[in-house]
Amino acid sequence: MRTPSWRRQGREPDYRFSLANERTFLAWIRTALALLAGGVLLDQFSTHLAPHRAVLGLAIGLASLAAALSGMAYARWRANEVAMRLEQPLPSTLAIPLLAAAALAGCAVIGLLLIAP
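Residues numbered from 1 in each chain as written. Predicted model: local features only at pLDDT ≥ 70, side-chain atom pairs only at ≥ 80, totals over all residues. Heavy atoms only, no water.

Draft legend 1. Layout of the overall build of the protein. Regarding its fold elements, the protein presents three helices and zero strands. Across the protein, helices and strands are ordered from the amino to the carboxyl terminus as α-α-α. The C-alpha atoms of the protein give a radius of gyration of 19 Å, which is well past the 13 Å a tight globule of 117 residues would have. With the C-alpha coordinates aligned to their principal axes, the bounding extent of the protein is approximately 60 × 30 × 20 Å. (Helix = DSSP H or I, 4+ residues; strand = E, 2+ residues; numbered from the N terminus. Rg over C-alpha atoms; globule rule 2.2 N^0.38 Å.)

Structure follows, in structure tokens:
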């Protein structure tokens, strides 16, 4: 397998930091899988929530968020690796506020669907 050019930059970081970065990446992937599972669960098993279009829209939104989060997880992992190699500060991420806003919106929609007649 060819080594990417960014892995040849700077110097190799302490392996403990690389492994911690990898664990964080895997935590983001687990979160994305949980969002995807939630979307599938809503689509397949939400018999008491109505209107169905809103439930379907929420399920699609969760699946889309899971896909976006997976991409952001890789971008974040790579950016952290590059920063560690170049001994620079770790970059910020848009993933955390996006995930928080999406969780707030999803909870609000589900709450409305549960109390709506």
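Having seen the model, we can carry on.
Draft legend 2. Focus on a nonpolar patch on the surface. Among the surface-exposed residues, Ile110, Leu112, Leu114 and Ile115 lie close enough to one another that they form a single nonpolar patch of about 430 Å² accessible area. The residue Ile115 is located in helix H3 (residues 95-115) in this model. Under the relative-accessibility criterion, Ile115 is labelled exposed at 68%. (Patch = residues over 30% accessible without salt bridge, like charges linked within 9 Å, V, L, I, M, F, W, Y side chains within 5 Å. Areas by Shrake-Rupley, 256 points an atom, 1.4 Å probe, with all protein chains shown as cover. Salt bridge = Lys/Arg side-chain N within 4 Å of Asp/Glu carboxyl O. Buried < 20%, exposed > 50% of the residue type's maximum accessible area, 1.4 Å probe, protein only.)

Draft legend 3. Layout of the environment of Ala68. You can see Ala68 is positioned in helix H2 (residues 52-85). With 43 residues separating them along the chain, Ala68 and Phe25 place their C-alpha atoms 14 Å apart.

Draft legend 4. Examining the nonpolar core more closely. Formed by 16 residues in total, the largest nonpolar core has its most connected members in Trp28, Leu35, Leu42, Leu49, Val55, Leu69 and Leu99. Taken together, the elements giving at least two residues each to this core come down to helix H1 (15-45), H2 and H3. Broken down by element, the residue count for this core peaks at eight residues, all from H2. With residues near it in sequence (within four places) discarded, Leu69 still touches Trp28, Thr31, Ala32, Leu35, Ala95 and Leu99. (Core = buried A, V, L, I, M, F, W, Y, C linked by side-chain atoms within 4.5 Å. Contact = heavy atoms within 4.5 Å.)

Draft legend 5. Looking closely at the pattern of salt bridges. Counted according to the given criterion, the structure contains three salt bridges. In this structure, the salt-bridge partner of Arg11 is Glu87, at a minimum N-O distance of 2.5 Å. Here Glu87 lies in the loop between H2 and H3 and Arg11 lies in the segment before H1, a separation of 76 residues in the sequence. Note on accessibility: Arg11 and Glu87 belong to one class, exposed. A salt bridge links Arg16 to Asp14; the nearest nitrogen and oxygen atoms lie 2.5 Å apart. Since its relative accessible area comes to 52%, Arg16 is described here as exposed. By relative accessible area, which is 27% here, Asp14 ends up partly exposed.

Function cannot be inferred from these measures alone, as they are strictly geometric.
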